[in-house]
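Close look at the chain arrangement
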Amino acid sequence: MQTVLLDTPAGITARLGWDPAITVHQRRRTIAREVVAQVLRCDEKDIRIEREAPRGFGYHTRLVASRDGVEVPLAITTASFRAATVVAVSDPGLPIGIDIRDAHPEPADLARMRKHSRLFSSGDTLDLIDHWVHVQAVLEADGRGVRVAPEQVRLDPGRHRGWIPDRNMKYSLVDVSRDGWLITLAYGTLPTV
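These remarks concern the structure in this document.

Note on placement: Ala 83 falls in the loop between strand S6 (75-81) and strand S7 (84-90). When the C-alpha atoms of Ala 83 and Ile 22 are compared, they prove to be 8.0 Å apart, with 61 residues separating the residues in sequence. Non-local contacts of Ala 83, meaning those with residues more than four positions away in its chain, are made with Gly 17, Trp 18, Asp 19, Pro 20 and Arg 27.

Printed below as a string of structure tokens:
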């Protein structure tokens, strides 16, 4: 599987890979190993990627990287759609979310986007998908998942910032689309001590 480096802000390294012959779990681990090795400037074979043990029912596990048996202080964020996967590596305290789609949604997905989007008048399907990818990236960065409805997310007119009104956090939004995939990266700020 070949991957491409995405143009991301400082402190975040991300790659996109696609291969329909590889399962989503294999793609995530393979790309994560490549990105972590790139960040640590070491050989990929020195990096081990595992899924953390679930802490309880409904807990969404994350990927964890280790080198020489020691967990590395990096957060791994992933998003997949069909045969494509994006993996981003960043500081563990940085709130980050990613969403990826292609320009050809299934009719049911398109109906869901229209139902929950704040673009009430948009007849432009590509604009709707772009809006949806931005909204989903904010939801992923927020971390509450389905407990927050997509229509609660607010975006500025240029889609450079996104937020959810009940939280005091605004996310910067970066379009890192590549090779026919619409990809948005949402990131907050590191906590200050």
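The three strands lie next to each other as S3-S4-S5, forming an open sheet whose pairing is antiparallel. Because the sheet does not close on itself, it has two edges, and the strands there are strand S3 (47-51) and strand S5 (70-71). Here two bridges tie strand S4 (residues 63-67) to S5, and the two strands are oriented antiparallel to one another. Its bridge partner being in S5, Ser 66 is matched across the sheet by Glu 71.

Judged by nonpolar contacts, the single largest core of 20 residues is most densely connected at Leu 6, Leu 16, Ile 100 and Ile 183. Elements supplying a minimum of two residues to this core: strand S2 (12-18), S6, S7, strand S8 (96-102) and strand S12 (181-187). Top contributing element to this core by residue count: S12, with four residues. Those residues in contact with Leu 6 that sit more than four places away from it in its chain are Ala 14, Arg 15, Leu 16, Val 86, Val 176, Arg 178 and Ile 183.

Right, let's get into the pairing of S12. The element S12 is extensively covered by neighbouring structure, given that seven of its seven residues are classed as buried. Taking every second residue as pointing to the same face, both faces of S12 are buried, with Trp 181, Ile 183, Leu 185 and Tyr 187 on one and Leu 182, Thr 184 and Ala 186 on the other. Across four bridges, strand S11 (residues 170-175) lies against S12 in antiparallel orientation. Note that in S12 the partner of Asp 175 across the bridge is Thr 184. Counting the residues between successive antiparallel strands, the hairpin from S11 to S12 contains five residues, one of them, Asp 179, with a positive phi of roughly 50°.

The side chains of a regular strand alternate between the sheet's two faces. Counting buried positions along S2 yields six of seven residues, so the element is predominantly enclosed. Bridge count between strand S1 (residues 3-5) and S2: three bridges; the pairing is antiparallel. Residue pairing for S2: Leu 5 is matched across the bridge by Arg 15. Linkage of S1 to S2, two consecutive antiparallel strands, is achieved through a turn of six residues, within which Gly 11 is found at a positive phi near 90°. Where S2 lies against S7, seven bridges are found, and the strand directions are antiparallel.

The full count for this structure, using the stated rule, is 13 salt bridges. For Asp 127, the salt bridge identified is with Arg 159, shortest N-O distance 2.9 Å. Pair noted here: Asp 127 is in helix H3 (residues 125-142) and Arg 159 is in the loop between strand S9 (154-155) and strand S10 (161-163), with a separation of 32 residues, a long-range link. Classification of Asp 127 as partly exposed rests on a relative accessible area of 27%. Residue classification places Arg 159 among the buried positions, given a relative accessible area of 15%.

What follows concerns unusual backbone geometry. Even without being glycine, Arg 41 reaches a positive phi, approximately 55°. Mapping Arg 41 onto the fold places it in the loop between helix H1 (24-40) and S3. Given the relative accessible area of 76%, Arg 41 is considered exposed. Phi at Asp 68 is positive, roughly 55°, even though this residue is not glycine. One can find Asp 68 in the loop between S4 and S5.

What counts, and where the lines are drawn
- Residues numbered from 1 in each chain as written.
- Predicted model: local features only at pLDDT ≥ 70, side-chain atom pairs only at ≥ 80, totals over all residues.
- Heavy atoms only, no water.
- Helix = DSSP H or I, 4+ residues; strand = E, 2+ residues; numbered from the N terminus.
- Contact = heavy atoms within 4.5 Å.
- Pairing = 2+ DSSP bridges.
- Core = buried A, V, L, I, M, F, W, Y, C linked by side-chain atoms within 4.5 Å.
- Buried < 20%, exposed > 50% of the residue type's maximum accessible area, 1.4 Å probe, protein only.
- Salt bridge = Lys/Arg side-chain N within 4 Å of Asp/Glu carboxyl O.

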